[in-house]
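# Descriptive structure summary
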Amino acid sequence: MGSGEDSDGKRSLPEHLERMRSRVEVGSKVPSNSEGVYYSGAYSSMGVDNSLSVSDLEKRLKVKILEKEKDRIVFELIGIDAPIANTIRRILLSEVPTMAIEKVSFFANSSVIHEEILAHRLGLIPLDVDPNLFDYMEEGAEPSEVNALKFRLKVQCTKVAAVPAEAKPSLKYHNSDVFSSMLEWEPIGEQAEVFGSKPPKPVNDDILIAKLRPGQEIDLEVLAVKGISKDHAKWSPVATAFYRMLPQVELLKSIEGADAIELKDMCPSNCFDIEESGKAVAVRPGQCTMCRECIRHGDWEEKIRLSRVRDHFIFSIESTGAIAPEDLFMRALQVLVDKCGNVVERLTESLDVSSAQARASTNKEHLSHLTRMSTGR
Ligand code: SF4
């Protein structure tokens, strides 16, 4: 098998090497080819250029949305390498900013929950406000309309008159449950005009903060500030963000009759169907979890080939609700672009410094040479 040419007229790898480059094989015991080949000169002896090229990336890159809900999106990301997909995932988990409660001032707390636990619970409540409208709060800075949000929680539990003793606490008492909806926003400066008809509030109204009984009260004030989850998980914009490589299920031989029924029954993810002719077909390979049940026994591994496509990702983002999941993806890309910009800037600066130093050292050498000549030493 020799190398040929692809549709663009470029030299391409022989089939078996192309498969090694583009697939992770999943055998009955262990996966193979799990490490990708990213070195640009890896196939130079065959005249194949493996370097990263922006024009190739533009041609290969595709995004296809599979599912979209208010707080969740699933899409295919095709044509990028695993390190880049993983970078986007990690940025989503820890570097896209949100607003979260950072400081809590207690005026009264006679509930059974200690202040530090209550403060921790408050910090984890996702807030429905765009962090792009705020600056980060500098160390020691005073809270202001551009760097903070203020909320007040003032609640007291009292008895409801004439309710039987066996009734539920929520019927017997006012404010027996303290929910996130009870946090009242107190605008700082011009914030009331800025936010207008969409005041900042918790994403969910029904997050239980504490339970109170008659005579108990909570009175506190909180400040929410902008941050990233690299510093604390409360600033995480996602419940989770993950991807998996596209599974491929290939039938290497025709599987019919009793074997087809056995195969269909073996798969817990319902990947196979049986055609009218009695032949098994892999109709839902995308549902394959690579459990390997279909290749674990007997000679099934000779009939079925399982693999994952190395540059084809099924990406899932579940937002906490503060930012739409599709916006989160775009913001993660922006963070990545900014990081690359920073690297280029630092590199340019250090190259400028090195060339200035090189020039200075050349001038010094030249000067000492002239001095030696003029003094004859
Ligand atoms: S690996 Fe598991 S999920 Fe995938 S096709 Fe085989 S039995 Fe089904």
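The structure this text deals with has already been given above.
This section reports on the structure supplied with the text. Here the residue numbering is sequential within each chain, running from 1 through the sequence in written order. Per-residue local features are limited, in this predicted model, to residues with pLDDT of at least 70; the limit for side-chain atom pairs, both in listing and counting, is 80 or more; totals at the level of whole chains, interfaces and linings are taken over all residues.

### A closer look at the overall build of the chain
Per the convention used, a helix needs a DSSP run of H or I reaching at least four residues, while a strand needs a run of E reaching at least two, with both numbered from the N terminus. The helix and strand tally for the chain stands at 8 helices and 20 strands. In terms of overall size, the chain is more extended than a compact globule, its C-alpha atoms giving a radius of gyration of 31 Å where 377 residues would be expected to give roughly 21 Å. Over its C-alpha atoms, taken along the principal directions, the chain stretches across nearly 100 × 90 × 35 Å. Counts of 20 or more other C-beta atoms within 10 Å of a residue's own C-beta define buried residues, counts of 12 or fewer define exposed ones, and intermediate counts define partly exposed ones; C-beta atoms are placed from the backbone. Residues classed as buried in the chain amount to 23% of the 377 residues present. Restricting to contacts in the chain with at least 6 residues of sequence separation, those with at least 24 account for 68%. Here the globule rule is a power law, 2.2 Å times the number of residues to the power 0.38, and the radius of gyration is based on C-alpha atoms. Throughout, a residue-residue contact means that the two C-beta atoms, derived from backbone geometry, are no farther apart than 7 Å.

### What about the site of the ligand?
For each residue, a C-beta position is placed from the backbone atoms; the residue is near a molecule or strand when that point lies within 6 Å of it. For the ligand, the set of nearby residues contains 13 residues, the closest of which are Cys267, Ser269, Cys288, Cys291 and Cys294. Residues of the shell around the ligand, tallied by class, amount to 9 nonpolar, 2 polar and 2 charged. Amino acids are sorted into nonpolar (Ala, Val, Leu, Ile, Met, Phe, Trp, Tyr, Cys and Pro), charged (Asp, Glu, Lys and Arg) and polar (every other residue, Gly among them).

### Considerations on the nonpolar core
Nonpolar cores are built from buried Ala, Val, Leu, Ile, Met, Phe, Trp, Tyr and Cys residues. These are joined into a set through C-beta atoms within 7 Å. Leu92, Ala224, Ile317 and Leu328 are the most contacted members of the largest nonpolar core, which has 45 residues in total. With residues near it in sequence (within four places) discarded, leucine 328 still touches Leu92, Val96, Pro237, Val238, Ile317, Ser319 and Ile323. Listed in part, the 15 residues of the second largest apolar core include Val24, Cys271, Phe272 and Cys294.

### Considerations on helix H3 (residues 82–94)
Since the α-helix packs 3.6 residues into each turn, any two residues three or four apart lie on the same face. Expected helix span is given by 1.5 Å per residue-to-residue step, counting one fewer step than there are residues. When the terminal C-alpha atoms of H3 are compared, their 18 Å separation across 13 residues agrees well with the 18 Å that a helix rising 1.5 Å per residue should span. For H3, the set of buried residues is Ile88, Arg89, Ile91 and Leu92. One side of H3 carries all its buried residues, which in axial view fall inside an arc of 160°. Among the exposed residues of H3, those oriented more than 90 degrees off its buried face are Pro83 and Asn86. Along the arc lie the directions from the helix axis toward the C-beta atoms.

### Let's talk about the sheet that holds strand E7 (residues 98–109)
Two strands are said to pair when DSSP picks up at least two bridges between them. Read from one edge to the other, the open sheet built from 4 strands follows the order E7-E16-E9-E13, with strand pairing classed as antiparallel. The open sheet terminates on both sides in strands that have one partner only, identified here as E7 and strand E13 (184–185). Bridge count for strand E9 (residues 149–156) against E13 is 2 bridges, and the pairing is antiparallel. Within E13, the position partnered with arginine 152 by the bridge is glutamate 184.

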